[in-house]
Amino acid sequence: MTLNFDIQPSPNATPDKERAARLVDPGFGRVFTDHMAIVRYSQGKGWHSARIEARANFPLDPAGAVLHYAQEIFEGLKAYKRDDGGVNLFRPDANARRFHNSAERMAMAPLPEDVFMDAVEQLVRIDRAWIPGGEGSLYLRPFMIASEVFLGVKPSAEYIFSVIASPVGSYFKGGPAPVSIWVSENYTRAAIGGTGAVKCGGNYAASLRAQAEAIDRGCDQVVFLDAVERRYIEELGGMNVFFAFDDGSLLTPPLGTILPGITRDSIIALAKDAGTRVREEPYTIQQWRTDAASGKLKEAFACGTAAVISPIGKVCSASGDFQISGGAAGPVAMGLRKKLVDIQYGRTNDPHNWIRNVA
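Residues numbered from 1 in each chain as written. Predicted model: local features only at pLDDT ≥ 70, side-chain atom pairs only at ≥ 80, totals over all residues. Heavy atoms only, no water.

**Q** Please set out the overall build of the protein chain residue by residue, giving values where relevant.
**A** Assigned secondary structure in the protein chain consists of eight helices and 18 strands. Compactness check: the protein chain gives a C-alpha radius of gyration of 21 Å against a globular reference of 21 Å for 359 residues, within 12% of the reference. Taken along its principal axes, the extent of the C-alpha atoms in the protein chain is 60 × 50 × 35 Å. Here the protein chain holds 359 residues, and 53% of them are scored as buried. Intrachain contacts of the protein chain at a sequence separation of at least 6 include 72% that bridge at least 24 residues. A total of about 15600 Å² of accessible surface is found on the protein chain, and carbon and sulfur atoms cover 50% of it. (Helix = DSSP H or I, 4+ residues; strand = E, 2+ residues; numbered from the N terminus. Rg over C-alpha atoms; globule rule 2.2 N^0.38 Å. Buried < 20%, exposed > 50% of the residue type's maximum accessible area, 1.4 Å probe, protein only. Contact = heavy atoms within 4.5 Å. Areas by Shrake-Rupley, 256 points an atom, 1.4 Å probe, with all protein chains shown as cover.)

Set out below in structure tokens:
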């Protein structure tokens, strides 16, 4: 399916000087570009009214379905400025597929993948001046909400798909610093048959109490255990996790109840390219503690779109704390991070054809 986007440039676009000032230190998710993409769906018409227009508030009825029954999904990806001035998107086709799968699971109207891709590219084209240089990027947030006006538990008959964009600086100032994580023993993120593999807002809302507990304990992030036995590592509040061992292998928890991260998948591919044995296997919190103490575990790191790779230096729990690799960032995590970032910014070869150039 192909839709022609009606391009309606904002009549009040941010002046160059003001935009440049905002790009000096944009932080993460606080500054937004001038435009957004909008596509609407109704059962009678299907997907229609595709537009790029000035970023503005949605008119939303108080009985809008998303406000009551949480039919909502989203994605996160980035556009990167190359040294030659061109713009790269990193694996947007993978985001489009995952978005389609999320919609299916949430009983929402699946958005055709080519419409997703076109919306993202059109927004990047019109707002490309907002892409920071250096280690900055343009964070893109495609999302879909149920917009039918009704009170009743059923799938909505109407949806709004939109893409907004936010310039972001380097996630880590001065380089990636090892993070500390809190093991959540009171809260779980997902269960078999649930929505753990779906990028929906409810999953993240359910993680916030545990994340607040982590902050109260002086930690940066939370890691969740499985909902059945409360033994097996699943993922962090918003990131997948990897373990590097003294035999050169990598381990990451298997998919099923966790989000199939695109950064996770990319790391697996790059590690295998280098001849590393990658295991997708269950791993318990007790084994993590034992392997860290014996030295068998050399590194642990989390990964996701925002931070790319975050080394884990310390694990805290009610049963006691332990360090990994002396609390320092290790060569495996940092080596993989460099390979991935260099591909994203077009500084090296792209062996898997992950990059999509935006003309």
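Past the structure itself, the notes keep going.
**Q** Can you break down the nonpolar core residue by residue, with the values?
**A** Formed by 54 residues in total, the largest nonpolar core has its most connected members in Trp-47, Ile-73, Val-124, Leu-140, Met-144 and Phe-161. Looking at this core element by element, the count peaks at seven residues for helix H4 (residues 113-126). Residues Val-179, Val-183, Phe-245 and Ile-312 belong to the second largest nonpolar core, which totals 24 residues. (Core = buried A, V, L, I, M, F, W, Y, C linked by side-chain atoms within 4.5 Å.)

**Q** Can you lay out the pattern of salt bridges for me, pointing to particular residues and giving the numbers?
**A** Scanning the entire structure with this criterion turns up 19 salt bridges. Its salt-bridge partner being Arg-347, residue Glu-135 comes within 2.8 Å of it at the nearest N-O pair. Here Glu-135 is found in the loop between H4 and strand E7 (137-146), whereas its partner Arg-347 is found in the loop between helix H8 (331-344) and strand E18 (355-358), with 212 residues between them in sequence. Here Glu-135 falls in the partly exposed class, since its relative accessible area comes to 38%. Note that Glu-148 is salt-bridged to Lys-154, the shortest N-O span being 3.1 Å. Sharing partners across several salt bridges, the network here consists of Glu-135, Lys-338, Asp-342 and Arg-347. (Salt bridge = Lys/Arg side-chain N within 4 Å of Asp/Glu carboxyl O.)

**Q** Which residues make up the packing of helix H6 (residues 262-273) against H8, and what values go with them?
**A** Where H6 contacts H8, the two axes come as close as 10 Å, and the packing angle between them is 110°. Relative to H8, H6 is oriented roughly perpendicular. Packed against H6, whose contacting residues are Thr-263, Ser-266, Ile-267, Leu-270 and Ala-271, the element H8 presents Leu-336, Lys-339, Leu-340 and Ile-343 at the interface. (Axes fitted to C-alpha atoms, helices over the stretch in contact; angles between N-to-C directions. Parallel < 35°, antiparallel > 145°, perpendicular 65-115°, else oblique.)

**Q** How would you sum up helix H7 (residues 285-294)? Please name residues and give values.
**A** Residues of H7 that are buried include every one of Ile-285, Trp-288, Asp-291 and Ala-292, and no others. The arc enclosing the buried residues of H7, seen along the axis, measures out at 125°, which places them on a common side. In H7, the exposed positions angled more than 90 degrees off the buried face are occupied by Ala-293 and Ser-294. Gly-295 occupies a position one or two residues after H7 and carries a positive phi of about 90°. (Arc of directions from axis to C-beta.)

**Q** Tell me about the packing of helix H3 (residues 92-105) against H4, residues and numbers included.
**A** Two elements in contact, H3 and H4, have axes separated by 9 Å at closest approach and are oriented at 130°. Between H3 and H4, the angle falls in the class oblique. Handedness of the H3/H4 crossing: right-handed. Between H3 and H4, the contacting residues are Pro-92, Asp-93, Asn-95, Ala-96, Arg-97, Phe-99 and His-100 on the first element and Glu-113, Phe-116 and Met-117 on the second. Classifying every residue of the contact of H3 with H4 by side-chain character gives five nonpolar, two polar and three charged. (Left-handed = near helix turned anticlockwise from the far one by under 90°. Nonpolar A, V, L, I, M, F, W, Y, C, P; charged D, E, K, R; others polar.)

**Q** Which residues make up the pairing of strand E9 (residues 179-184), and what are the values?
**A** The element E9 is largely enclosed, with a buried count of six among its six residues. Burial along E9 is two-sided: the face carrying Val-179, Ile-181 and Val-183 and the face carrying Ser-180, Trp-182 and Ser-184 are both buried. Across four bridges, the pairing between E9 and strand E16 (residues 308-316) is parallel. Bridge pairing in E16 links Val-179 to Ile-312. Strand direction decides the pairing type here: E9 and strand E10 (residues 221-225), joined by four bridges, are parallel. Bridge assignment links Val-183 to a residue of E10, and that residue is Val-223. (Pairing = 2+ DSSP bridges.)

**Q** Provide a residue-level description of the side chain of Arg-279, including the pertinent values.
**A** On the secondary structure map, Arg-279 appears in strand E14 (residues 278-280). Residues in contact with Arg-279, not counting those within four places in the same chain, are Phe-245, Ser-249, Leu-250, Leu-251 and Thr-252.

**Q** How would you explain the environment of Ser-42 if you had to name every residue and give the values?
**A** Following the sequence through the fold, Ser-42 ends up in strand E2 (residues 35-42). With 91 residues separating them in the primary sequence, Ser-42 and Gly-133 have C-alpha atoms 40 Å apart.

**Q** Please give an account of the side chain of Thr-33 that cites residues and values.
**A** Tracing the backbone shows Thr-33 in the loop between helix H1 (16-23) and E2. Not counting residues within four places of it along the chain, the set of residues in contact with Thr-33 comprises Arg-55, Asp-127, Trp-130, Leu-138, Ala-165 and Pro-167.

**Q** Give a description of the environment of Arg-105 that names residues and reports values.
**A** For Arg-105, the position within the fold is in helix H3. In this structure Arg-105 touches Gly-193, Gly-194, Thr-195 and Val-198, once residues within four positions along its chain are discounted.

**Q** I'd love a proper account of the packing of aromatic side chains, names of residues and values included.
**A** If you walk through the whole model with that rule in mind, you get 16 aromatic pairs. With 6.1 Å between their ring centres and 40° between their planes, Phe-58 and Phe-143 make a pair best called tilted. A residue pair is termed long-range when its members are at least 10 positions apart, and Phe-58 in the loop between strand E3 (46-54) and helix H2 (65-69) and Phe-143 in strand E7 qualify at 85 residues. Taking the centre distance of 5.3 Å and the plane angle of 10° together, the rings of Phe-242 and Phe-301 count as stacked. Of the two residues, Phe-242 sits in strand E12 (residues 240-245) while Phe-301 sits in strand E15 (residues 297-304), which places them 59 residues apart along the sequence. Per residue, the accessibility class of Phe-242 equals that of Phe-301, and both read buried. (Phe/Tyr/Trp six-rings, centres within 6.5 Å; stacked < 30°, edge-to-face > 60°.)

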